[in-house]
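# Tertiary structure, described
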Amino acid sequence: MPSAIPQNGSALHGEPKPWDPDHLRTRFVQALSEMYRTEVPLYGKLVDVVNQVDTTTLQSRGQSLNDLPSRFQLERHGAIRLGTQQEMRMISRLFAVMGMFPVGYYDLKMVGFPLHGTAFRPQTEESLQKNPFRVFTTVLRPDLISSPEVRKMATSILSTRQLFSSRLIELIDQAETSALANLTAEDANNLITKSLKIFKWHSRSSVPLETYLTLKKEHPMVADIVCFPSAHINHLTPRTLDIDAVQAGMISQGLPAKDHIEGPPKRKCEILLRQTSFKALEERVTFAGDADHAVDGTHTARFGEVEQRGAAVTRKGRELYDALLAKAVGRSEKEDKDSDKVLKEVFAEYPDDWEVLRREGLVYFRYRVAEDKVPVAGAHKLEGSVHMDRLLKEGVVTCEPITYEDFLPFSAAGIFTSNLGGEKDGGTERKLQKTEEESKRSRVQLEGLLGRKIPSEIDLYNELQTDSVKECQALLGLSEIVLGA
Ligand code: OOG
Ligand code: NI
């Protein structure tokens, strides 16, 4: 099942090492993508729509799909939901071997789900550059299941589940402790094959229909997590160059698209993340029977999604985004107007010009000394402390917005909601509950479980920007470069 060594493997010079984390991640995504296309044929159709749209978009720029580096054609994220703390701890160890580490805390209680989680993703600029694939990973919080009987039922079923084979655990142990040099290419193949099993779909539930229905009544997510022997990947998400065209394409080709694109409206300067999906399909499931009789039923969980990423915003930029989003949701509820139109109107307040976004400290930028400018820094009479605005104006330094690599809880709730089966699709059902103090506590719990701090995504972007300024400073031999007012 593992795919051939990709052309865009992680080593820039020579053959990538089989245990190189970036290389493993790329192989893993390729294998996962192949598996998911076989499991959910409609997902393959979505990928076709994305390719058509991207081809057209590139044509209008005089380019073709072949001009895109192949890493652009890999999926950008997937999502899984886990049942227990042990599963969460083990998955974090597996993902670390593939160069993915927890970033950002997502408290889904805020939107009425008994789950919390994080995004496992590469953290360094270099690693992101090679392959930014990440997995939105949540884990069930039994303490949020209101009925004591259902809580007991769920925890008891999960207590016997074995997601990780002993061979896989052995390989992870080895990768963590021993010299990676001792691990062979065959071990790496094994790691990929054994990992895939965790994410595979099983059409046979591990519980009787009655149990499934009881858990589903508590919350459809609880049934989805508890009733199956694997932690099936519930969606994969390629990126696109034009998400509005993909949404239109899905509708015109008869895919059951969700009603709205999540996230900010279409803008000149794209920020954060826009995403849409086709709704989860009703799939046949065989439930364990009372005696020897299996019972047929259905389950709705798996879908396909597409994303378009824009710039990472600063804390100030995020506060403005959250405030405008809340305003738009409130207004479309009250006025009962087309929510996409309201969103567009409300977001007119968000500056839509890169230089304004930069100067107002709303977006993070990656700064670089212009290649030909290093030796002539002296000729520009640059010394001591210089303002970044001047360096940009004189063309000594160039800048580009840093890409947002994370998720948006409110959008995630929209994606979750439209895929539970039978529920109305739309933003207005998502009520944000105030849970700040509680969130701090549950975050610490998750950190304790993972044995490490979960960095805030905003801090990481800030660091990237600061490092790039320092790099310019050093190259130009300046004592300081001043950013902002
Ligand atoms: C995860 C939904 C979150 C996104 O793109 O916001 C997500 C889930 O349904 O488990 O993937
Ligand atoms: Ni997603």
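For the structure itself, look to the data block above.
Residues numbered from 1 in each chain as written. Chains lettered and ligands numbered in written order. Predicted model: local features only at pLDDT ≥ 70, side-chain atom pairs only at ≥ 80, totals over all residues. Heavy atoms only, no water.

### With respect to the overall build of the protein chain
Along the backbone of the protein chain there are 17 helices and 14 strands. Buried positions account for 53% of the 485 residues belonging to the protein chain. Accessible surface, the protein chain: about 21800 Å² in total, of which carbon and sulfur atoms supply 51%. (Helix = DSSP H or I, 4+ residues; strand = E, 2+ residues; numbered from the N terminus. Buried < 20%, exposed > 50% of the residue type's maximum accessible area, 1.4 Å probe, protein only. Areas by Shrake-Rupley, 256 points an atom, 1.4 Å probe, with all protein chains shown as cover.)

### Here's the deal with the site of ligand 1
Near ligand 1 you find His77, Ala79, Arg81, Phe136, Asn234, His235, Gln275, Glu305, Phe407, Ala412 and Phe416, and these make up its full shell. One nitrogen or oxygen atom from the side chain of Arg81 is found 2.7 Å from an oxygen atom belonging to ligand 1. The contact in question runs from an oxygen atom of ligand 1 to an N or O atom on the side chain of His235, over 2.9 Å. The protein chains hide 100% of the 310 Å² of surface that ligand 1 would expose on its own. Mapped onto the shell around ligand 1, the elements with two or more residues apiece are strand E1 (77-82) and helix H15 (409-417). Taken together, the residues of the shell around ligand 1 break down into five nonpolar, four polar and two charged. (Near = heavy atom within 4 Å. Polar contact = N/O pair within 3.5 Å; in protein donor to acceptor, adjacent residues only side chain to side chain. Nonpolar A, V, L, I, M, F, W, Y, C, P; charged D, E, K, R; others polar.)

### Some thoughts on the nonpolar core
By size, the foremost hydrophobic cluster in this structure holds 72 residues, and its most contacted members are Leu391 and Val397. What Leu391 contacts, discounting residues up to four positions off in sequence, is Leu382, Val386, Val396, Val397, Leu476, Leu478 and Ile481. Counting residues in hydrophobic clusters, the runner-up holds 62 residues, among them Leu32, Met88, Ala257 and Ile261. (Core = buried A, V, L, I, M, F, W, Y, C linked by side-chain atoms within 4.5 Å. Contact = heavy atoms within 4.5 Å.)

### Brief notes about the sheet that holds strand E5 (residues 204-208)
Reading across from one edge, E5-E8-E9 is the order of the three strands in this open sheet, with mixed pairing throughout. The sheet is open, and its two borders are formed by E5 and strand E9 (295-300), each paired with just one other strand. Neighbour-to-neighbour, the strand axes of the sheet open up by a mean angle of 45°, direction not taken into account. Of the strand pairs in this sheet, strand E8 (residues 282-288) and E9 are connected by six bridges, and their pairing is antiparallel. The partner of Phe287 across the bridge, within E9, is Val295. The sheet strands contacting helix H8 (residues 209-218) are E5, E8 and E9, and the helix crosses E5 at an angle near 85°. (Pairing = 2+ DSSP bridges. Axes fitted to C-alpha atoms, helices over the stretch in contact; angles between N-to-C directions.)

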